[in-house]
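Coordinate inspection notes
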Amino acid sequence: MLCAVTAVCAVSVTPAVASNAFALSSAAFGNGGTIPKVHECTSGGGSDPAKKNQSPPLAWTGGPAAAKSYAIVMRDLDNANLIHWVIYDIPASATSLPQNVDHTYRPTTPSGSRQIYYRGSASLYGYQGPCSPSTVNTYEFVVHALNQTSLTALNSSSSTQTAARAITAASIGTARITGES
């Protein structure tokens, strides 16, 4: 009799846990959907005026209560997990990023955040959009809830790999979304 009651209790708790799950979404594309051209890189040599290299709007819900800040890492999963974007020191009170975060080390929004310098097909701070002119690649955006308010070991000359390692080490939870381009 006790086993039957326990099983029923476990089933009734599951929906409550699922509704509070840490989740990441974008108003620009659904999970697994096509990333719009406005978010693609402008450094591929093409002249498509729709490609503007603007970061997509991102929003998260259900982050861990213990989160002291957030960070986002974007990777090209089909190109050796090449890191396209790292933004960190996002305040714990933030639940979203707007479209087109400034291409600066310290963007205006969200206040206090910092971005890593992208060294690749472009050289800039912040977001470098999908650059796959001949193939369709999958890009993953991961929001990390961090156990630190600021990643003080990182600075304006830190590499994307160094930043990704520091973020992973401080991460207490993640949520992700993928898109194709």
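Now for a quick tour of the structure.

Each value, and the rule that gives it
Residues numbered from 1 in each chain as written. Predicted model: local features only at pLDDT ≥ 70, side-chain atom pairs only at ≥ 80, totals over all residues. Heavy atoms only, no water. Pairing = 2+ DSSP bridges. Helix = DSSP H or I, 4+ residues; strand = E, 2+ residues; numbered from the N terminus. Contact = heavy atoms within 4.5 Å. Axes fitted to C-alpha atoms, helices over the stretch in contact; angles between N-to-C directions. Buried < 20%, exposed > 50% of the residue type's maximum accessible area, 1.4 Å probe, protein only. Core = buried A, V, L, I, M, F, W, Y, C linked by side-chain atoms within 4.5 Å. Phe/Tyr/Trp six-rings, centres within 6.5 Å; stacked < 30°, edge-to-face > 60°.

1. Structural notes on the sheet that holds strand S2 (residues 33-34)
Across the sheet, which stays open at both edges, the six strands sit in the order S2-S11-S10-S4-S5-S7 with mixed pairing between neighbours. Each edge of the sheet is formed by a strand with only one pairing partner; in this case those strands are S2 and strand S7 (114-115). Bridging between strand S10 (residues 138-146) and strand S11 (residues 171-180) involves nine bridges; their strand directions are antiparallel. By the bridge assignment, Tyr 139 is partnered in S11 with Gly 179. This element, helix H2 (residues 160-170), spans strand S4 (69-76), strand S5 (82-91), S10 and S11 of the sheet and lies at about 50° to S5.

2. Observations regarding the pairing of S5
Of all ten residues that make up S5, eight are buried, and the element is covered over most of its length. In the sheet, S4 pairs with S5 via seven bridges, with the strands oriented antiparallel. Bridge assignment links Arg 75 to a residue of S5, and that residue is Ile 83. Hairpin remark: S4 followed by S5, antiparallel, with five residues in the connecting loop; positive phi at Ala 80, about 55°. For S5 and S7, the ladder comprises two bridges, and the chain directions are antiparallel. From the neighbouring strand, Tyr 88 faces S7, where its bridge partner is Arg 114.

3. A short note on unusual backbone geometry
The omega angle of the peptide bond from Thr 109 to Pro 110 is -5°, so this bond is cis rather than trans. Note that Pro 110 resides in the loop between strand S6 (96-97) and S7. Even without being glycine, Asn 53 reaches a positive phi, approximately 60°. Of note, Asn 53 is situated in the loop between S2 and strand S3 (58-61). Accessibility expressed as a relative area gives 4% for Asn 53, which makes it buried. The backbone phi angle of Asn 81 is positive, close to 55°, even though this residue is not glycine. Locating Asn 81 in the fold gives a position in the loop between S4 and S5.

4. What about the sheet that holds strand S1 (residues 23-25)?
With antiparallel pairing, three strands are arranged side by side in an open sheet as S1-S3-S6. A strand with exactly one partner marks an edge of an open sheet, and here the two such strands are S1 and S6. Direction of pairing for S3 relative to S6: antiparallel, over a ladder of two bridges. The residue of S6 that forms the bridge with Leu 58 is Leu 97.

5. Here's the deal with the nonpolar core
By size, the foremost hydrophobic cluster in this structure holds 23 residues, and its most contacted members are Trp 60, Ile 72, Trp 85 and Phe 141. Looking at this core, the elements with two or more residues in it are S3, S4, S5, S10 and S11. The greatest single-element share of this core, amounting to four residues, is contributed by S10. Among residues more than four places away in sequence, those in contact with Trp 85 are Ser 55, Leu 58, Ile 72, Val 73, Met 74, Leu 97, Val 101, Gln 115, Gly 126, Tyr 127 and Phe 141. Among the nonpolar cores identified, the runner-up in size contains 14 residues, and Ile 83, Tyr 105, Leu 154 and Ile 167 belong to it.

6. Quick word on the packing of aromatic side chains
By the definition in use, this model includes six aromatic pairs. Ring geometry for Tyr 117 against Tyr 125: centres 4.9 Å apart, planes inclined by 75°, an arrangement best described as edge-to-face. Taking relative accessible area as the criterion, Tyr 117 reaches 24% and is therefore assigned partly exposed. Since its relative accessible area comes to 23%, Tyr 125 is described here as partly exposed. These aromatic residues form a ring-pair network of at least three members: Phe 22, Trp 60 and Tyr 70.

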